[in-house]
Amino acid sequence: ESPYIVQNTIHVPNECNITSEPGVKIYIKDNVDLLIYGQIIFNGTSEDPIYLSAHNQSWGGILLDNCTEESTFNHVIFDKSTFGNDSSSINATISAYHSKLQIMNSEFKNNIRSIYGYYGDVYVDNCIFYESSGEKINLQYSNAVVENCTLYYTFGDNDAIDYDGVFDGIIRKNILYGGEDDGLDIGRINSTSCRNVHLEGNTIYNFVDKGISIGEGSQEINITYNTITTSRMGIAVKDSSTALIDH
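Keep in mind that this is a model prediction, so the values were computed, not measured. (Residues numbered from 1 in each chain as written. Predicted model: local features only at pLDDT ≥ 70, side-chain atom pairs only at ≥ 80, totals over all residues. Heavy atoms only, no water.)

Undergrad: Looking at this model, I keep getting lost on the sheet that holds strand β16 (residues 128-129). Mind explaining?
TA: Backbone-to-backbone hydrogen bonds pair the strands of a sheet. The strands run either parallel or antiparallel. The strand order β1-β4-β7-β10-β13-β16-β19-β22-β26-β29 describes an open sheet built from 10 strands, whose pairing is parallel. Edge positions in the open sheet fall to β1 (4-6) and β29 (227-229), since each of these has one partner strand only. (Pairing = 2+ DSSP bridges. Helix = DSSP H or I, 4+ residues; strand = E, 2+ residues; numbered from the N terminus.)

This is the structure we're talking about:
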């Protein structure tokens, strides 16, 4: 019965899954990861969220790698994760490669970087990201949607939300409460720049650099109905990028 203590790294193979019921508390030991190649479904509720935290000071992270089915985290609290044993691939609380993933109604606290996605489908809705020293969300070459989230201060040379090489992505109706770099950064990875990304209805406060940065040759970026205050620069469009800015 809950609480559970995870003492060793868990491997979930292709065509297998791991699930959790609402209200379960899971404490993970140092340097322990969850490696998912099949599917993970953690479905909590608002009254009974699922809680993942460290058994001691910290734990590693969750890797989704070429998963065979869509994974879901709903009403989950992620606390005190760092990076995985292989920090080059598990470089966030949740690192997803070539995988389909939904993260909804969840909280990230006392973590370094929260979500990293590479070549997949990533949907993030109504999540809270507390203060951190790493990017809250970094999505590369992904079908990416981030909406209705609250992001508190981001320390260091890190953007709050960073899209690289994303086509047809959306960042919508989020509230960003400051950081030491950019709020929204739309750019390039290798030779692939973002294209047709929609930034709509976001409220952005108190960034040391730019509220919104469009760079590295990004094209057809639509910036509509955003509010940006108390940042060094509101919106920058640079490096031969193109953007439509409306309201």
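Undergrad: Which parts of the structure should I look at to understand the pattern of salt bridges?
TA: Side-chain pairs of opposite charge can arise whenever the charged atoms involved come near each other. One pass over the full model with this rule turns up 6 salt bridges. Between R113 and E135 there is a salt bridge, with the nearest N and O atoms lying 2.9 Å from each other. Separated by 22 residues along the polypeptide, R113 in the loop between β13 (107-109) and β14 (115-118) and E135 in the loop between β16 and β17 (137-140) bring together distant segments of the chain. As a salt-bridge pair, R172 and E147 come within 2.6 Å of each other at their nearest N and O atoms. Here E147 lies in strand β18 (residues 143-147) and R172 lies in strand β21 (residues 170-172), a separation of 25 residues in the sequence. Relative accessible area serves as the criterion here: at 24%, R172 is assigned to the partly exposed category. Among the ionic contacts, a cluster of salt bridges with common partners joins D209, K210 and R232. (Salt bridge = Lys/Arg side-chain N within 4 Å of Asp/Glu carboxyl O. Buried < 20%, exposed > 50% of the residue type's maximum accessible area, 1.4 Å probe, protein only.)

Undergrad: Before we go on, may I ask you to explain the side chain of Q39 in this structure?
TA: Secondary-structure assignment places Q39 in strand β6 (residues 39-43). Sequence-distant contacts of Q39, that is, excluding residues within four places in its chain, are made with V12, C16, N17, I18, E69, E70 and S71. (Contact = heavy atoms within 4.5 Å.)

Undergrad: Just to check I follow, could you spell out the pairing of strand β15 (residues 121-125) for this structure?
TA: In the case of a regular strand, side chains alternate between the two sheet surfaces. Where strand β12 (residues 100-104) lies against β15, 5 bridges are found, and the strand directions are parallel. By the bridge assignment, L101 is partnered in β15 with V122. In terms of strand pairing, β15 meets β18 through 5 bridges, oriented parallel. Each bridged residue has a counterpart across the sheet, and for V122 the counterpart in β18 is A144.

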